[in-house]
Each structure stands twice: as C-alpha cells, then as structure tokens.
Amino acid sequence: MIYAANFKTNHTRKSTELYLNELTDKITGKKSEDRIYIFPPSTALDIYEGVFKIGAQNAYACANGAYTGEIGLEQLDEFDIKTILIGHSERREYMRESQDQVAQKFSFFQEHEFEIIYCIGEPLHIREKGFEAVMQYLLAQFEGIDIGYKNLIVAYEPIWAIGTGRSATIEEISNTHRALKKAINNKPLLYGGSAKPANIKEITTIAGVDGVLVGSASLDASSFAEMILA
Ligand code: PEP
C-alpha cells in the first residue's frame with residue numbers, strides 16, 4: 001500500500017523534523033512493501049533519513065528563473081526531491097490552475113523523470129448528477145496528461161470529501177476506482193478525502209485502492225502511523 005501525507009500549509013521546518021523522527025520510531029513494524037510519502041511545506045524540504053520519500057506539494061515548471069514566490073527544479077534538486085503532487089483540487093480552485101497549466105507542469109516534471117502523484121476529483125454538484133457525469137468530469141482532468149508515464153500514481157480525491165470529515169462511501173470509492181483503473185491502464189490509484197484511522201481499514205481493502213493520500217489525519221505522526229500499521 002501507498003500512504004502519502006499532504007501537510008498543505010501546516011508544520012514548520014522544526015516540527016517536520018520532529019514529526020519524521022516520531023513517525024520513523026512508530027512505523028518500524030510496517031510491511032516492507034508499504035511505501036510512505038511525506039509532502040511538507042516547501043520551507044521544510046530537506047534531506048531526511050528514513051523509510052519515507054519526501055515530495056514537493058508544488059513547484060513551477062522551470063529549472064530556475066524570474067518567477068517570484070515559486071520554486072523550481074534547482075531548489076528541489078538541492079534536496080534530491082524527485083516526487084511531486086500535481087493537480088490537487090486546492091491548487092486548481094484557490095490558485096486557479098487551469099487544466100492547461102496542470103498539464104504543462106506534468107509534462108515538465110515527467111521530462112525530468114519525477115514520480116508524479118496526479119490528483120483528480122469532482123465537486124459535489126457533479127457527484128449529485130450521477131456516476132456518468134462524475135466519470136466524464138474526472139476523465140477530462142486527464143486532458144494533456146500522459147497516462148502511460150511510468151512514474152505516474154493517480155490520486156482520486158472527491159472534493160466534497162476533502163477536509164470535511166465525510167469520506168466517500170465504500171460503494172462510491174469502489175465504483176469510481178473500478179472505472180478509473182480501466183482508464184489509467186491499472187496504474188497505482190490512491191483514494192483521498194477524509195481518510196483517517198477509523199476508516200483506513202475499510203478503504204484499503206476496497207479492490208482498486210492501492211493506497212491513500214491523507215491531509216488532516218496525517219498532520220499528527222501518531223495518527224498517520226496508526227493508519228500505516230492498521
Ligand atoms: C487532501 O487534501 O489531499 C486530503 C485528502 O485531505 P483530507 O485527508 O483532510 O480530506
């Protein structure tokens with residue numbers, strides 16, 4: 001299973017270090033095949049020792065240059081970061097990243113052989129229209145994306161389930177993952193949206209779920225460790 005923690009705009013450099021030490025101590029009994037990813041804020045990026053990979057929540061599609069406030073390849077290379085989240089709904093919504101921009105970013109980091117966790121998800125009004133509308137919406141988020149890319153992991157994150165405490169139902173996850181798995185040629189597919197210790201077991205036993213992308217419940221090392229060991 002893949003367990004990915006997205007800290008968003010939480011944690012500092014110091015608290016990330018403490019977190020990673022605590023997590024490492026707590027997950028010594030994890031299954032050897034489990035893969036752990038941590039996405040701290042960019043101010044906490046560094047080279048850390050442990051059984052996890054550190055990834056960037058975002059970066060600009062450039063090596064370096066005049067892009068005020070952004071980080072690029074050069075800043076990620078300094079810490080050997082070769083993993084990135086692209087297409088998260090918060091970036092699409094709050095930072096107004098268009099599908100074109102998302103696809104451009106994807107191509108750039110693909111060219112540089114990054115492992116990409118590519119996020120897709122539908123808003124509630126689309127979910128309420130029914131399954132066909134959901135799939136149409138989700139598949140449109142693959143426009144310009146090379147789904148044959150060898151280092152691609154997809155994360156399905158219904159927007160209405162993110163940070164709301166309300167996860168999608170088992171049936172919703174199961175049906176959506178079954179259809180998505182076909183569309184992405186069986187690439188690894190994560191579920192994200194209010195995954196937590198209380199529901200991790202039932203989510204990770206659904207066919208077509210290869211892991212989880214976790215926001216709120218990953219902020220505390222004990223809670224995330226509990227999910228990994230569940
Ligand atoms: C996310 O934003 O990627 C996420 C899954 O958040 P949460 O776990 O808080 O719903």
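The structure this text deals with has already been given above.
Residues numbered from 1 in each chain as written. Predicted model: local features only at pLDDT ≥ 70, side-chain atom pairs only at ≥ 80, totals over all residues. Heavy atoms only, no water.

Let's talk about unusual backbone geometry
Part 1 of the reasoning: In the Ramachandran plot, His11 falls in the positive-phi region, its phi being about 80° despite a non-glycine side chain.
Part 2 of the reasoning: Considering the arrangement of structural elements, one finds His11 in the loop between strand E1 (2-6) and helix H1 (13-26).
Part 3 of the reasoning: Residue Asn185 is not a glycine yet carries a positive backbone phi of 50°.
Part 4 of the reasoning: Summarising the element assignment, Asn185 is placed in the loop between helix H7 (170-183) and strand E7 (189-192).
Part 5 of the reasoning: The exposed category is assigned to Asn185, whose relative accessible area is 59%. (Helix = DSSP H or I, 4+ residues; strand = E, 2+ residues; numbered from the N terminus. Buried < 20%, exposed > 50% of the residue type's maximum accessible area, 1.4 Å probe, protein only.)

Observations regarding the sheet that holds strand E8 (residues 211-214)
Sheet strands line up and pair through hydrogen bonds in the backbone, either parallel or antiparallel.
Part 1 of the reasoning: Here we have 8 strands laid out as an open sheet, ordered E3-E2-E1-E8-E7-E6-E5-E4, and parallel in their pairing. Every other strand in the sheet has two partners, leaving strand E3 (53-54) and strand E4 (83-86) as the edge strands with one partner each.
Part 2 of the reasoning: Where E1 lies against strand E2 (residues 35-39), 5 bridges are found, and the strand directions are parallel. Bridged to Tyr3 within E2 is Ile36. (Pairing = 2+ DSSP bridges.)

Here's the deal with the nonpolar core
Part 1 of the reasoning: Judged by nonpolar contacts, the single largest core of 63 residues is most densely connected at Leu23, Ile38, Phe109, Tyr118 and Phe224.
Part 2 of the reasoning: Sequence-distant contacts of Ile38, that is, excluding residues within four places in its chain, are made with Ala5, Phe7, Tyr19, Leu20, Leu23, Phe52, Lys53, Ile54, Gly55 and Phe224.
Part 3 of the reasoning: Within the second largest apolar cluster, 11 residues are counted, among which are Tyr37, Phe39, Ile117 and Ile153. (Core = buried A, V, L, I, M, F, W, Y, C linked by side-chain atoms within 4.5 Å. Contact = heavy atoms within 4.5 Å.)

Focus: the pattern of salt bridges
Part 1 of the reasoning: Following the criterion strictly, the structure yields 11 salt bridges and no others.
Part 2 of the reasoning: A salt bridge links Arg91 to Glu97, with the nearest nitrogen and oxygen atoms 2.6 Å apart. Taken as a pair, Arg91 and Glu97 share a single burial class, namely buried.
Part 3 of the reasoning: Close ionic contact of Lys181 with Asp210 constitutes a salt bridge, the shortest N to O distance being 2.6 Å. With a gap of 29 residues between them, Lys181 in helix H7 and Asp210 in the loop between helix H8 (200-204) and E8 connect regions that are remote in the sequence.
Part 4 of the reasoning: The class of Lys181 is buried, set by a relative accessible area of 13%.
Part 5 of the reasoning: Look at Asp210 and you get partly exposed, because its relative accessible area is 25%.
Part 6 of the reasoning: In the salt-bridge network here, residues are joined through shared partners; they are Arg35, Lys53 and Glu115. (Salt bridge = Lys/Arg side-chain N within 4 Å of Asp/Glu carboxyl O.)

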